[in-house]
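Chain by chain, the residues run as shown.
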Amino acid sequence: MCPENQEGAFLIRESESKKGQLSLSVFDGAVVKHYRIRQEAGEGFFLSKKNIFKTLNAFVDHYTNNSDGLCVKLRKPCIKKKVPAPIDLSYKTADQWEIDRNSLKLLKKLGYGQFGEVWEGLWNNTTPVAIKTLKPGSMDPKDFLREAQIMKNLRHPKLIQLYAVCTLEDPIYIITELMRHGSLLEYLQNDAGSEIHLPEQIDMAAQVASGMAYLESQNYIHRDLAARNVLVGEHNVYKVADFGLARVFKVENENVYEAKHETKLPVKWTAPEAIRSNKFSIKSDVWSFGILLFEIITYGKMPYSGMMGYQVIQKLDKGYRIPQPANCPDKLYYIMLECWNAEPKGRPTFETLHWKLEDYDMDSTSYIDANAFVK
Ligand code: ATP
């Protein structure tokens, strides 16, 4: 969002999840809220049936004069910032993703993972980027490059976009979009319920489900979905990151990826069939998504707290599941339990999870709340 946009800035656009339907996004001075504009043939446009408008102009006029249940009155149409297309970052050298490392300035270390560090940087002194560096000798550069190879073929607003790579010398760099607020896990833990409440939590979950539904449609498997691998941008944008373990869905192999035995697994996020028989599928990602829902609703608590990985595996086999967290609505817990169906085929698709979360009714007395957070 541009700084020129003030409270009441709004945008009417096609819904991301329901093609042909309209959504209204309104900036309330702090965050952007989303509402579904309903349409019925011959009736017109409305948020609530008590106010139906023949035209969108009449709709906007009404909510400009009166908030009438919206978070704020509508004021000026949103000014859209021109974001450079990611492809602009790369120039055609060795291959179109390879860029000159001298065009990068590493400004600030953001964090580190198993394979190296992540830095905030500038490309060509102008474009902010995240730079992931590979510790020389820490792993096979081919494995690292596989992450880049997979990411560059995946383009979706809820997936971290790969911009470029520097692979011609050590340390190898992978350059992605920068997400200002870092990992979702830390973001949730730092908030611990002060600003983030159920509507925002459902919105996070819906955005992640949207990115995962895209992966599902592309026959990709993430294999490491968890709050630590979701990144937070400005204005409540959440994106799925770290496709390092993802593999192309092997349709000829019963839609299941057979993993190597020695691969380290984040046990508490991994589906039982993936732990037991190394069978990863989009359905094992759905299991992990259920654990991610637990992390979201508990502000980043450790799942199965106090239990060791091997105890978790034993208990899951006997039918044990994480109990309903104190502040977790029944409806959300029910979605988690669906994700944790012992039978992979019994788990929902990400597409279903996406629309269920987008259409999630907060059980609020206000019709607006019920329709909010629709993308
Ligand atoms: P693992 O090595 O198991 O993948 P990880 O996901 O925590 O662990 P990294 O992906 O290396 O490790 O990221 C380390 C930290 O750097 C993250 O927790 C996050 O805070 C920060 N980070 C990573 N990518 C970005 C990005 N694109 N924008 C902003 N911060 C990032």
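Structure: above.
What you are looking at is a predicted structure, and each value in this text was computed from that prediction instead of being measured.

**Here we look at the site of the ligand**
Step number 1: In the neighbourhood of the ligand, 17 residues make up the surrounding shell, with Gln-114, Glu-177, Met-179, Asn-229 and Asp-242 lying closest.
Step number 2: The contact in question runs from a nitrogen atom of the ligand to an N or O atom on the side chain of Thr-176, over 3.4 Å.
Step number 3: Contact between the ligand and Glu-177: a nitrogen atom at 3.0 Å from a main-chain N or O atom of the residue.
Step number 4: In isolation the ligand exposes 610 Å². Once the protein is present, 84% of that is buried.
Step number 5: Of all elements in the fold, only β5 (104-113) and β7 (127-133) reach the threshold of two or more residues within the shell around the ligand.
Step number 6: Broken down by element, the shell around the ligand gets its largest block of residues, 4 residues, from β5.
Step number 7: Of the residues contributing to the shell around the ligand, the split by class is 7 nonpolar, 6 polar and 4 charged.

**Notes on the environment of Ser-23**
Step number 1: Its place among the elements puts Ser-23 in strand β2 (residues 22-27).
Step number 2: For Ser-23, a relative accessible area of 0% puts it in the buried group.
Step number 3: Sequence-wise, Ser-23 and Arg-38 are 15 residues apart; in three dimensions their C-alpha atoms are separated by 8.5 Å.

**Overview of the packing of aromatic side chains**
Pairs of aromatic rings are described using the distance from one ring centre to the other and the angle between the two planes.
Step number 1: Across all of its chains, the model carries 5 aromatic pairs by this definition.
Step number 2: Ring geometry for Phe-53 and Tyr-63: centres 6.0 Å apart, planes at 70°, overall edge-to-face. Taken as a pair, Phe-53 in the loop between β4 (44-46) and α1 (56-65) and Tyr-63 in helix α1 lie far apart in primary sequence, 10 residues in all.
Step number 3: The buried category is assigned to Phe-53, whose relative accessible area is 10%.
Step number 4: Centroid distance Tyr-187 to Tyr-238: 6.4 Å. Interplanar angle 65°. Geometry classified as edge-to-face.

**Some words on the side chain of Thr-270**
Step number 1: Secondary-structure assignment places Thr-270 in the loop between β14 (257-258) and α5 (272-277).
Step number 2: Here Pro-266 takes part through its backbone oxygen, which lies 2.8 Å from a polar atom of the side chain of Thr-270.

**Thoughts on helix α4 (residues 198-217)**
Step number 1: The terminal C-alpha atoms of α4 lie 28 Å apart, and with 20 residues this matches the ideal 28 Å at 1.5 Å per residue to within 8%.
Step number 2: Immediately downstream of α4, the backbone of Asn-219 shows phi near 60°, a positive value.

**Some thoughts on the sheet that holds strand β3 (residues 32-40)**
Step number 1: Strand order in this open sheet of 4 strands is β1-β2-β3-β4, and the pairing throughout is antiparallel. With one partner strand each, in any of the chains shown, β1 (10-14) and β4 form the two edges of the open sheet. Neighbour to neighbour, the strand axes of the sheet diverge by 30° on average, direction disregarded.
Step number 2: With 6 bridges connecting them, β2 and β3 associate as antiparallel partners. Of the residues in β3, the one forming a bridge with Val-26 is Lys-33.
Step number 3: Sheet strands in contact with α1 are β1, β2, β3 and β4, and its direction is about 150° off that of β1.

**With respect to the sheet that holds strand β8 (residues 162-166)**
Strand pairing in a sheet takes place through backbone hydrogen bonds and is either antiparallel or parallel in direction.
Step number 1: Spatially, the 5 strands line up as an open sheet ordered β5-β6-β7-β9-β8, and their pairing is antiparallel. Where the open sheet ends on each side, the last strands, each with one partner, are β5 and β8. Neighbour-to-neighbour, the strand axes of this sheet turn through a mean angle of 25°, independent of strand direction.
Step number 2: Pairing of β8 with strand β9 (residues 173-176) involves 4 bridges; the strand directions are antiparallel. Paired with Ala-164 across the two strands is Ile-175, which belongs to β9.

**So, unusual backbone geometry**
Step number 1: Following Asp-170, the chain continues to Pro-171 via a peptide bond in cis, the omega torsion being -10°.
Step number 2: Counting through the fold element by element, Pro-171 comes out in the loop between β8 and β9.
Step number 3: Of note, the phi angle at Asn-124 is positive, near 55°, even though the residue is not glycine.
Step number 4: Structurally, the position occupied by Asn-124 is in the loop between β6 (116-123) and β7.
Step number 5: Residues other than glycine seldom take positive phi values, yet Arg-223 does so here, at roughly 75°.
Step number 6: Position of Arg-223 relative to the elements: it lies in the loop between β10 (220-221) and β11 (230-232).
Step number 7: Relative accessible area serves as the criterion here: at 7%, Arg-223 is assigned to the buried category.

How each quantity is defined
Residues numbered from 1 in each chain as written. Predicted model: local features only at pLDDT ≥ 70, side-chain atom pairs only at ≥ 80, totals over all residues. Heavy atoms only, no water. Near = heavy atom within 4 Å. Polar contact = N/O pair within 3.5 Å; in protein donor to acceptor, adjacent residues only side chain to side chain. Areas by Shrake-Rupley, 256 points an atom, 1.4 Å probe, with all protein chains shown as cover. Helix = DSSP H or I, 4+ residues; strand = E, 2+ residues; numbered from the N terminus. Nonpolar A, V, L, I, M, F, W, Y, C, P; charged D, E, K, R; others polar. Buried < 20%, exposed > 50% of the residue type's maximum accessible area, 1.4 Å probe, protein only. Phe/Tyr/Trp six-rings, centres within 6.5 Å; stacked < 30°, edge-to-face > 60°. Expected span 1.5 Å × (residues − 1). Pairing = 2+ DSSP bridges. Axes fitted to C-alpha atoms, helices over the stretch in contact; angles between N-to-C directions. Contact = heavy atoms within 4.5 Å.

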